[in-house]
Amino acid sequence: MTSGRFPQTAMVMAAGLGTRLRPLTDHRPKPLVEVAGRALVDHVLDRLVEAGVETAVVNVHHFADQMVAHLARRDDIRIKISDERAALLDSGGGIAHARRLLGDDPILVANIDSLWTGGETPPLRTLGEAWNPEIMDVLLLLVPRGQGLGFEGPQGFFRDAAGRLTHSAQAEPPTPFANVGFQILKPQILDGVREEAFSIVPIWQRLAAQGRLHGAVMDAFWMHVGDPAAREAAEAKLKP
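Starting from 1, residues in each chain are numbered consecutively following that chain's sequence as written. Only residues with pLDDT of at least 70 get local features here, since the model is predicted, and only at 80 or more are side-chain atom pairs given and counted; chain-wide, interface and lining totals rely on the full set of residues. Water and hydrogen atoms play no part in the side-chain values, which are based on all heavy atoms of the structure.

Caption draft 1: Region of interest: the nonpolar core. We call a set of buried residues a nonpolar core when its members are Ala, Val, Leu, Ile, Met, Phe, Trp, Tyr or Cys and they connect through side-chain atoms within 4.5 Å of each other. The buried label goes to any residue with under 20% of its type's maximum accessible area, the exposed label to any with over 50%, and the partly exposed label to all in between, with areas taken from a 1.4 Å probe on protein chains only. Among the nonpolar cores identified, the biggest contains 47 residues, and V12, V41, L48, L108 and F182 are the most heavily contacted of them. Strands are runs of DSSP state E lasting at least 2 residues, helices are runs of H or I lasting at least 4, and numbering of each runs from the N terminus. At five residues, the largest contribution of residues to this core is made by helix α1 (residues 40-51). By definition in these notes, contact holds between two residues if any of their heavy atoms fall within 4.5 Å. The residues contacting L108, other than those within four sequence positions of it, are F6, P7, T9, A10, M11, L48, V53, L124, L127, Q183 and I184. L140, L190, V201 and L213 belong to the second largest nonpolar core, which has 26 residues in total.

Caption draft 2: Main features of the pairing of strand β1 (residues 9-13). Burial of β1 is extensive: five of the five residues sit out of reach of the surface. Residue alternation in β1 divides its side chains into two sets, T9, M11 and M13 and A10 and V12, and both sets are buried. At least two bridges found by DSSP between two strands are what make those strands a pair. As judged from the four bridges shared by β1 and strand β4 (residues 55-60), these two strands associate in the parallel manner. From the neighbouring strand, A10 faces β4, where its bridge partner is A56. Relative to strand β6 (residues 107-111), β1 runs parallel, the two being bridged by four bridges. Looking at the pairing, M11 lines up with V109 of β6.

Here you go:
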């Protein structure tokens, strides 16, 4: 497989309310909750810098002023703000709203509640080496079931020998892979949609039916920081 160029622009999904992390999010946005002494958004931005990403478009909503002030202190990556103060737009709508800031080249999309540790190969290198824009429109970073903390529910993916994915939310049969929350996608897949709140999952399902949704499996240990207990577990895992 011939890899495409790793994206230079990332969309950082940081606008959620973080209700499941309360009381930690009563007075601050979820991206500013700290794990092992560092804000979640900074953990993610650090990974992007390591991977060579030059520009991060960050959407903001909950305690947006705190987010903008915090991000202004970063001088190692160009930050652009996608303002969702008026309304939350969900995973698909948030990217569509930021479309003019993202350009036309493939982008990396990153959730701020996913951390990882260990493994032989940096996960974003695994993702970049698998990216092939000739045969895929979206490439998701996956983790095998049982290789992480904070898994919730049956939602996940089946992956065939060519790396093509099928999404499922059914309990049976169980899906062998979970979505880490990082993906490379062509922003054109969102062209023509109405700028309103919508999930990206139906777009994944459409692309899967076309054989254009692929997955790359990381060997690191994944930590989904979705609630206070998961934050404590992640902190324990990351402490030296």
